[in-house]
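Chain by chain, the residues run as shown.
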Amino acid sequence: MNKFFDIERHKNKVALIDEFKGQLTYADLVKIGSQLYPDKKKSYIKNLIFILCKNNFETITGYITFLKKEFTVLLLSANISHKNLKKLILIYKPNYVYGEKEKVKLLKKKVTKTIGSYALTSFRFKNNTKLNSNLSILLQTSGTTGSPQLVRHSYKNIIFSSNAISNYLKIKTNDRVITTLPMNYTYGLSIINSHLLKGSSIILTDHSILTRNFWEIFEKHKATTFGGVPYTFEILDKLKFEKMKLTNLRYVTQAGGKLNDHLIKKFNNIGKKNSFKFFVMYGQTEATSRMSYLNPKYNLTKLGSIGKPIRGGAFLLVNEKGKKINRPGVKGELIYKGKNVCMGYAEKRKDLARGDDKFSVLKTGDLATFDKDRFYYIAGRKKRFIKFFGHRVNLEDIEKTIHKYNFQCVCSGNENKINFYIKTKNISLENKIKDIIKNEFSFIRDNFKIILIDDFKRNEIGKIIYHKYH
């Protein structure tokens, strides 16, 4: 039995709606995919394939085809630089690279197959380490960079996660999800996987939500759902989302970081007014995207909560000594247990032969609390603590305090000084910000520095790149 989704059973249901190619059924995907591997004999060689992802039919067709052949795919951004792509090729020694023809031709290898604007090219490396038979998908956690660290997912991880997500969202065959996130990003990929599993339709576009084209495609093809990260909803708020008439919208999902309470309230209320549900969720790449969700009926009464674990998953908190926390309101590291936890990491080709290092347990690195009803709340990251004059300081707590004064802020620092990067173009506000910092934290002037910036450095999905601030 094939380890990936049995999409053939969906047959003539519409799988993809592409603004250039029109509608493609699930049967079409199988047929077109056969052009990449026309032979029907099962291959006993497990290949590694790099896919340079865009939100188009070529990418998804290749993705499905290769996984159904039980090959291992590394999903990379189509925007990855040639330098970083070559770096990863030398480290991981793939059998194939599949991407836009122009980018693939730069690799100066023979093109073996083509589909639409995409081409498949092959590589031959001597003495390659064999791949683990359960290894399905490799994902980066750093966007378009050439970082060699990858997260290793098994077939079991993907199937378990997709089933859990499609069940709690009650995804239907007639749902139509529109792409708002890169496919090589774990959250964007999980949206695609959960809809493929249910035989739903995926409206493919790389247009930004800031463009008129995106919303024209949204309405033309009657999208019923979309997902976003916090930055997505900050943009939608500026676009006056509440005034948009999206007649077919059934539910909206949010993950990829903590959304501020004001926007949770606002989108929850917009949803109630316009008959769609607003789901707040929590996940990480290492857990195949999602570990928990908040039932929309608790959006206001449990404001700011990440909810409860997905079906089949479990949370627990541990203190600094590793002991389990049993009392509500006590902060500890969040540990997750579930079959969607990855096999582990890879930094070189030999790591792709390894088995499961995690054993379904993930130390999230997030600090959290739970309330009397066992709803969980994220309280910050372990890594964002610093020792400041001998005291343990949470940079996220400082940022939240500044945010209360309507200033967007990123903090960094060391034992002697904390840097406040404030997003504002108004230089005259600097003295006001100084007073806020002094009053709130009792810092003396020599212990902090204010840097005014036009905007934060973000990755391709809008997340702030914290390590850029020192």
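Presented here is an overview of the structure given in this document.

Cut-offs used in this document
Residues numbered from 1 in each chain as written. Predicted model: local features only at pLDDT ≥ 70, side-chain atom pairs only at ≥ 80, totals over all residues. Heavy atoms only, no water. Axes fitted to C-alpha atoms, helices over the stretch in contact; angles between N-to-C directions. Helix = DSSP H or I, 4+ residues; strand = E, 2+ residues; numbered from the N terminus. Left-handed = near helix turned anticlockwise from the far one by under 90°. Contact = heavy atoms within 4.5 Å. Nonpolar A, V, L, I, M, F, W, Y, C, P; charged D, E, K, R; others polar. Phe/Tyr/Trp six-rings, centres within 6.5 Å; stacked < 30°, edge-to-face > 60°. Buried < 20%, exposed > 50% of the residue type's maximum accessible area, 1.4 Å probe, protein only. 1 Å grid on protein atoms, 1.4 Å probe; cavity = no way out; pocket = protein on both sides within 12 Å on 5 of 7 lines; lining within 4 Å. Points joined across faces, edges and corners; volume = space filled by probe spheres on them. Pairing = 2+ DSSP bridges. Expected span 1.5 Å × (residues − 1). Polar contact = N/O pair within 3.5 Å; in protein donor to acceptor, adjacent residues only side chain to side chain.

Topic: the packing of helix H8 (residues 230–238) against helix H9 (residues 261–274)
(1) Moving on: Between H8 and H9, whose axes approach to 11 Å, the crossing angle comes to 65 degrees. When the axes of H8 and H9 are compared, the crossing they make is left-handed. Here Phe233, Glu234, Leu236 and Asp237 of H8 lie close against H9, whose contacting residues are Leu263, Lys266 and Phe267.
(2) Moving on: Class assignment of the residues belonging to the contact of H8 with H9 gives a composition of four nonpolar, no polar and three charged.

Considering the packing of aromatic side chains
(1) Moving on: Scanning the entire structure with this criterion turns up 30 aromatic pairs.
(2) Moving on: A ring pair is formed by Tyr168 and Tyr293, whose centres lie 3.9 Å apart and whose planes are at 5 degrees; its orientation type is stacked. Of this pair, Tyr168 sits in helix H5 (residues 155–168) while Tyr293 sits in strand E15 (residues 292–294), placing them 125 residues apart in sequence.
(3) Moving on: We classify Tyr293 as partly exposed; its relative accessible area is 22%.
(4) Moving on: Ring centres of Phe214 and Trp215 lie 4.8 Å apart, and the angle between their planes is 85 degrees; on these two criteria the pair is classed as edge-to-face. With respect to burial, Phe214 and Trp215 carry one shared label: buried.
(5) Moving on: A connected cluster of aromatic rings, assembled from ring pairs, spans Phe214, Trp215, Phe218, Phe226, Phe233, Phe241, Phe267, Phe276 and Phe278.

Considering the layout of surface pockets
(1) Moving on: Estimates place the volume of the second largest pocket at around 530 Å³.
(2) Moving on: As for the second largest pocket, its lining consists of 27 residues, and the residues nearest its centre are Thr180, Leu181, Pro182, Asp206 and Glu460.
(3) Moving on: Here the element with the most residues in the lining of the second largest pocket is H8; it accounts for three residues.
(4) Moving on: Taken together, the residues that form the lining of the second largest pocket break down as eleven nonpolar, 13 polar and three charged.

A few points about the pairing of strand E7 (residues 118–122)
(1) Moving on: Of all the five residues making up E7, four are buried; the element is thus mostly covered by neighbouring parts of the structure.
(2) Moving on: The pairing of strand E5 (residues 96–100) with E7 spans five bridges and is classified as antiparallel. Bridged to Val97 within E7 is Thr121.
(3) Moving on: As defined by bridge partners, strand E6 (residues 111–115) adjoins E7 across four bridges and the pair is classed as antiparallel. Pairing of Thr114 across the sheet is with Ala119, part of E7.
(4) Moving on: Linking E6 to E7, which pair antiparallel, is a turn of two residues; within it Gly116 sits at a positive phi near 55 degrees.

Thoughts on unusual backbone geometry
(1) Moving on: Positioned with a positive phi, Lys170 is a non-glycine residue whose angle comes to about 55 degrees.
(2) Moving on: Judged by its relative accessible area of 56%, Lys170 falls in the exposed class.

Quick look at H5
(1) Moving on: Between its first and last C-alpha atoms H5 spans 20 Å; for 14 residues at 1.5 Å apiece the expected length is 20 Å, and the two agree.
(2) Moving on: Among the 14 residues in H5, ten count as buried, and that is most of the element.
(3) Moving on: Among all positions in H5, only Tyr155, Asn157, Ile158, Phe160, Ser161, Ser162, Ala164, Ile165, Ser166 and Tyr168 are buried.
(4) Moving on: Put simply, Ser154 is the residue that caps the front of H5, since its side-chain oxygen is 3.4 Å from the backbone nitrogen of Lys156.
(5) Moving on: Directly after H5, the chain includes Lys170, whose backbone phi takes a positive value near 55 degrees.

Some words on H8
(1) Moving on: Three or more residues of H8 are buried, namely Pro230, Thr232, Phe233, Ile235 and Leu236.
(2) Moving on: Structurally, H8 contributes buried residues whose contacts are with helix H7 (212–220), strand E12 (225–228), strand E13 (251–254), H9 and strand E14 (277–282).
(3) Moving on: Note on H8: the residue one or two positions beyond its end, Lys240, has a positive phi of about 60 degrees.

Quick word on empty space enclosed by the protein
(1) Moving on: Counting across every chain of the model gives four cavities of 30 Å³ or more.
(2) Moving on: Lining the largest cavity we find Asn55, Val177, Ile178, Thr179, Thr180, Leu181, Gly188, Ile191, Ile192 and Ile202.
(3) Moving on: Elements with a contribution of two residues or more to the lining of the largest cavity: strand E10 (176–178) and helix H6 (186–197).
(4) Moving on: Its residues assigned to classes, the lining of the largest cavity shows six nonpolar, four polar and no charged.
(5) Moving on: Reported here for the second largest cavity is a volume of approximately 60 Å³.
(6) Moving on: Surrounding the second largest cavity, Leu139, His153, Ile158, Ser161, Ser162, Thr186, Leu189, Ser190, Asn193 and Thr288 form its lining.
(7) Moving on: Mapped by element, the contributors of at least two residues to the lining of the second largest cavity are H5 and H6.
(8) Moving on: It is H6 that provides the largest number of residues to the lining of the second largest cavity, a total of four residues.
(9) Moving on: Here the lining of the second largest cavity is composed, by residue class, of three nonpolar, seven polar and no charged.

What about the sheet that holds strand E25 (residues 418–423)?
(1) Moving on: Strand order across the open sheet formed by three strands is E24-E25-E26, with mixed pairing between neighbours. Of all the strands in the sheet, just strand E24 (408–413) and strand E26 (448–453) have a single pairing partner and so form its edges. Ignoring which end each strand starts from, the neighbouring axes of this sheet average 20 degrees apart.
(2) Moving on: Taken together, the six bridges between E24 and E25 define a ladder with antiparallel strand orientation. Its bridge partner lying in E25, Gln408 is registered against Lys423.
(3) Moving on: Strands in contact with helix H10 (residues 395–403) are E24 and E25; relative to E24, the strand with the most contacts, it is inclined by about 150 degrees.

Some points on the sheet that holds strand E20 (residues 361–370)
(1) Moving on: A sheet is described by the order of its strands in space; here four strands give the open sequence E17-E18-E20-E21, paired in antiparallel fashion. Since the sheet does not close on itself, it has two edges, and those belong to strand E17 (314–318) and strand E21 (376–381), each with one partner. Across this sheet, the average inter-strand angle for adjacent strands is 50 degrees, counted without regard to direction.
(2) Moving on: With five bridges joining them, E20 and E21 adopt antiparallel strand pairing. Bridge assignment links Ala368 to a residue of E21, and that residue is Ile378.

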